[in-house]
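Notes for the structure review
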Amino acid sequence: METFQRLESEVRGYCRNWPVVFDKALGSHVYDENGRPYLDFFAGAGSLNYGHNNPELKSSLIEYLTDDRIVHSLDAYSVAKREFLETFEEIILKPRGLDYKVQFPGPAGNNAVEAALKLARKYTGRQTIVNFTNGFHGMTLGALAVTGNSMKRGGAGVPLDHVATMPFDNYLDGQTPDFLWLRSLLEDSGSGLDKPAAVIVETVQGEGGINAASAGWLRGLSELCREYDILMIVDDIQMGCGRTGDFFSFEEAGITPDIVTLSKSISGYGLPMALTLFKRELDVWGPGEHNGTFRGFNPAMVTGTETLRRYWSDDSFARATKAKGDMVAARLTEIAGEFPQVGAHVRGRGLARGLGFEDTSIAKRVAAESFERGLLLETSGPEDEVAKLLPALTTTEEELTAGLDIMADATRAAVKVAQPV
Ligand SMILES: *Cc1c(COP(=O)(O)O)cnc(C)c1O
């Protein structure tokens, strides 16, 4: 531990909540260097939807490396990239009737978001992007400008502009008609809102508090965008790749975004990889106009291809995730029911779930008490007021039950500290 404190920057974050040194990891468990197991309901913030060191994905990776196949190729053509593209087209795009082109923008989620924003601005010739309260889109300047969190925004050191923020679903009183404000501004030539290039939205806000937009709200937004000729960007970096059940989180709403960002679990193995997808007619990029050294990280494409083949060839994996999500929600509802005095309630969709508390001190304690009991949980929301469950989608029902039992105990302990009787 001393090594990290001496040498690693103060910017380090998650490690402060989990002050142990991790070493091994398999499936839904990680182990510290002393061999103590932890059940992982964090899953790399959604980068490990298929678990740690998934054996089937690992063998494809090891074989690729052992055979001296090309690892780094910038954006030169490679066999691994061709196989990924063909598999993505066959298994993901075609069955969903999506005619998207694929950009490899660089390895991180923020690379995919920056490319999406640049492309929307270039295509429309406009500057303003509409974002939503409590949205999260990454830490680079463009992505940070459309992110809500004031502490993270403060790290920029320069103005973050060309953005107009609108209320996310259920941000107001639950009575105000959806998009009343946005529609009014778009219709009024005196409103002061420059015509936006695009909106950027998450279907479920992962960092912002596990706020799930309703299908109706998403459809309303999609229609509004069409009506006013504004591009719709869905940031599916955390909620895509099956997190809510379907491969894309927007499928349930029956909408087709103009631009989609994916990263986190697209390689399936926790290897860095990101994609920006967009409708064919939006492909106005010039060669090399947006680039990056690690766009062609072939090992990630190899495990990504294997993931699509193994988990997405039919809809059984999506159905299993939805069933597990319903089970988790039912158990969380029971837990929440024990604690009306601190305003406990359940949020989310699929296997992205949250146990929120009106008393904003509780969720942080729930996470700490869970850690003591061998469960890794993150908190979410502007005041960390939500205990966030993001287990690997491959987590078994027994493991889910074991983790939820720990959460129930941890919540009892956390509420006792906050409200001693
Ligand atoms: C994690 C995340 C990002 C940023 O991805 P990085 O790899 O951290 O740059 C962007 N959008 C959403 C919704 C995310 O969850």
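Residues numbered from 1 in each chain as written. Predicted model: local features only at pLDDT ≥ 70, side-chain atom pairs only at ≥ 80, totals over all residues. Heavy atoms only, no water.

What follows deals with the overall build of the protein chain. Broken down by element type, the protein chain carries 14 helices and 17 strands. Relative to its length of 421 residues, the protein chain is compact, with a C-alpha radius of gyration of 21 Å against a globular reference of 22 Å. For the protein chain, the C-alpha atoms occupy an extent of roughly 60 × 60 × 45 Å along the three principal directions. Within the protein chain, the proportion of its 421 residues that are buried is 53%. For the protein chain, the share of sequence-separated contacts (at least 6 apart) that also reach a separation of at least 24 residues comes to 73%. For the protein chain, the exposed surface amounts to about 18500 Å²; the carbon and sulfur share of it is 50%. Across the protein chain, the mean location of the 42 positive side-chain charges is 2 Å away from that of the 58 negative side-chain charges. (Helix = DSSP H or I, 4+ residues; strand = E, 2+ residues; numbered from the N terminus. Rg over C-alpha atoms; globule rule 2.2 N^0.38 Å. Buried < 20%, exposed > 50% of the residue type's maximum accessible area, 1.4 Å probe, protein only. Contact = heavy atoms within 4.5 Å. Areas by Shrake-Rupley, 256 points an atom, 1.4 Å probe, with all protein chains shown as cover. Lys, Arg positive; Asp, Glu negative; His and termini not counted. Charge placed at Lys NZ, Arg CZ, Asp CG, Glu CD.)

With that settled, the discussion passes to the nonpolar core. Counting residues in hydrophobic clusters, the biggest one holds 83 residues, and the most contacted among them are Phe88, Phe247, Phe248 and Trp312. With eight residues, helix 14 (residues 397-418) is the largest single contributor of residues to this core. Mapping this core onto the domain boundaries places at least three of its residues in each of domain 1 (2-55 + 315-418) and domain 2 (58-311). Not counting chain neighbours up to four residues away, the residues in contact with Trp312 comprise Tyr50, Ile91, Ile92, Arg96, Cys241, Gly242, Gly245, Asp246, Phe247, Thr307, Phe317 and Ala318. Grouped together as the second largest cluster of nonpolar side chains are 19 residues, Ala198, Ile237, Ile259 and Phe278 included. (Core = buried A, V, L, I, M, F, W, Y, C linked by side-chain atoms within 4.5 Å. Domains from an automatic or database assignment.)

Attention now goes to the domain arrangement of the protein chain. As far as domains go, the protein chain holds domain 1 (2-55 + 315-418) and domain 2 (58-311). Taking only C-alpha atoms, the centre of domain 1 and the centre of domain 2 are 25 Å apart. With 34 residues of domain 1 in contact, the opposing surface of domain 2 contributes 30 residues. Taken together, both faces of the contact between domain 1 and domain 2 bury some 2600 Å²; the carbon and sulfur share is 46%. Linking Arg349 and Glu252 is a salt bridge whose minimum nitrogen-to-oxygen distance equals 3.3 Å. Taken together, the connections running from domain 1 to domain 2 amount to 25 residue pairs in polar contact (both at pLDDT 80 or more). At the level of elements, helix 3 (43-46), helix 12 (316-337), strand 13 (345-349), strand 14 (352-356), strand 16 (378-380) and strand 17 (386-389) are the ones that each hand at least two residues to the side of domain 1 that touches domain 2. Considering every element that reaches the side of domain 1 that touches domain 2, the biggest residue donor is helix 12, with four residues. A breakdown of the residues in the side of domain 1 that touches domain 2 according to their chemical character gives 16 nonpolar, twelve polar and six charged. (Buried area = accessible area lost by both parts, 1.4 Å probe. Salt bridge = Lys/Arg side-chain N within 4 Å of Asp/Glu carboxyl O. Polar contact = N/O pair within 3.5 Å; in protein donor to acceptor, adjacent residues only side chain to side chain. Nonpolar A, V, L, I, M, F, W, Y, C, P; charged D, E, K, R; others polar.)

Residues in close proximity to the ligand include Ala108, Gly109, Asn110, Phe136, His137, Gly138, Glu202, Asp235, Ile237, Gln238 and Lys264, which together make up its full environment. A distance of 2.8 Å is found between an oxygen atom of the ligand and a backbone nitrogen or oxygen belonging to Gly109. The side chain of Lys264 places a nitrogen or oxygen atom 2.7 Å from an oxygen atom of the ligand. Protein contacts shield 83% of the accessible area of the ligand, which totals 380 Å² for the unbound molecule. Tallied by class, the residues present in the shell around the ligand amount to three nonpolar, five polar and three charged. (Near = heavy atom within 4 Å.)

Counted under the stated rule, the structure contains 19 aromatic pairs. Centre to centre, the rings of Phe84 and Phe88 are 5.6 Å apart; their planes meet at 20 degrees, and the pair counts as stacked. Taken as a pair, Phe84 and Phe88 lie in helix 5 (residues 79-93) at a separation of four residues, close to a single helical turn. Here the two residues Phe84 and Phe88 agree in accessibility, since each one is buried. Joined through ring pairs, the aromatic side chains of Tyr50, Phe84, Phe88, Phe104, Phe247, Phe248, Phe250, Tyr311, Trp312 and Phe317 make up one cluster. (Phe/Tyr/Trp six-rings, centres within 6.5 Å; stacked < 30°, edge-to-face > 60°.)

With that settled, the discussion passes to unusual backbone geometry. If you check the backbone angles, Asn170 has positive phi at about 65 degrees while not being a glycine. Summarising the element assignment, Asn170 is placed in the loop between strand 6 (163-166) and helix 9 (180-187).

To continue, consider the packing of helix 4 (residues 55-66) against helix 11 (residues 298-311). Where helix 4 contacts helix 11, the axes come no closer than 9 Å and their chain directions differ by 145 degrees. Helix 4 and helix 11 meet at a crossing whose hand is right-handed. Here Glu56, Leu57, Ser60, Leu61, Tyr64 and Leu65 of helix 4 lie close against helix 11, whose contacting residues are Asn298, Pro299, Val302, Thr303, Glu306, Thr307, Arg310 and Tyr311. Its residues assigned to classes, the contact of helix 4 with helix 11 shows seven nonpolar, four polar and three charged. (Axes fitted to C-alpha atoms, helices over the stretch in contact; angles between N-to-C directions. Left-handed = near helix turned anticlockwise from the far one by under 90°.)

On the secondary structure map, Glu399 appears in helix 14. Between the C-alpha atom of Glu399 and that of Ser60, which follows or precedes it by 339 residues, the distance is 26 Å. Those residues in contact with Glu399, other than ones at most four positions away along the chain, are Ser28, His29, Leu39 and Phe41. In terms of polar contacts, Glu399 uses its side chain to reach the backbone amide nitrogen of Thr396, at 2.9 Å.

The final tally for this structure, using the stated rule, is 25 salt bridges. Among the salt bridges present, the one from Lys388 reaches Glu207, with a minimum N-O distance of 3.1 Å. Of this pair, Lys388 sits in strand 17 while Glu207 sits in the loop between strand 8 (204-205) and strand 9 (211-212), placing them 181 residues apart in sequence. Residue class for Lys388 comes out buried when judged on its relative accessible area of 1%. Across the pair Asp246 and Lys322 runs a salt bridge whose closest N-O atoms are separated by 3.1 Å.

Our focus in this paragraph is helix 4. Here helix 4 contains twelve residues, and its C-alpha end-to-end distance of 16 Å stays within 8% of the 16 Å for a straight helix at 1.5 Å per residue. Within the span of helix 4, buried status applies to Leu57, Ser60, Leu61 and Tyr64. Along the axis of helix 4, the buried residues cluster in a sector spanning 95 degrees; they form a single face. Facing away from the buried surface of helix 4 by more than 90 degrees, the exposed residues are Pro55, Glu63 and Thr66. Measuring from the side-chain oxygen of the N-cap residue of helix 4 to the backbone nitrogen of Glu56 gives 3.1 Å; that N-cap residue is Asn54. (Expected span 1.5 Å × (residues − 1). Arc of directions from axis to C-beta.)

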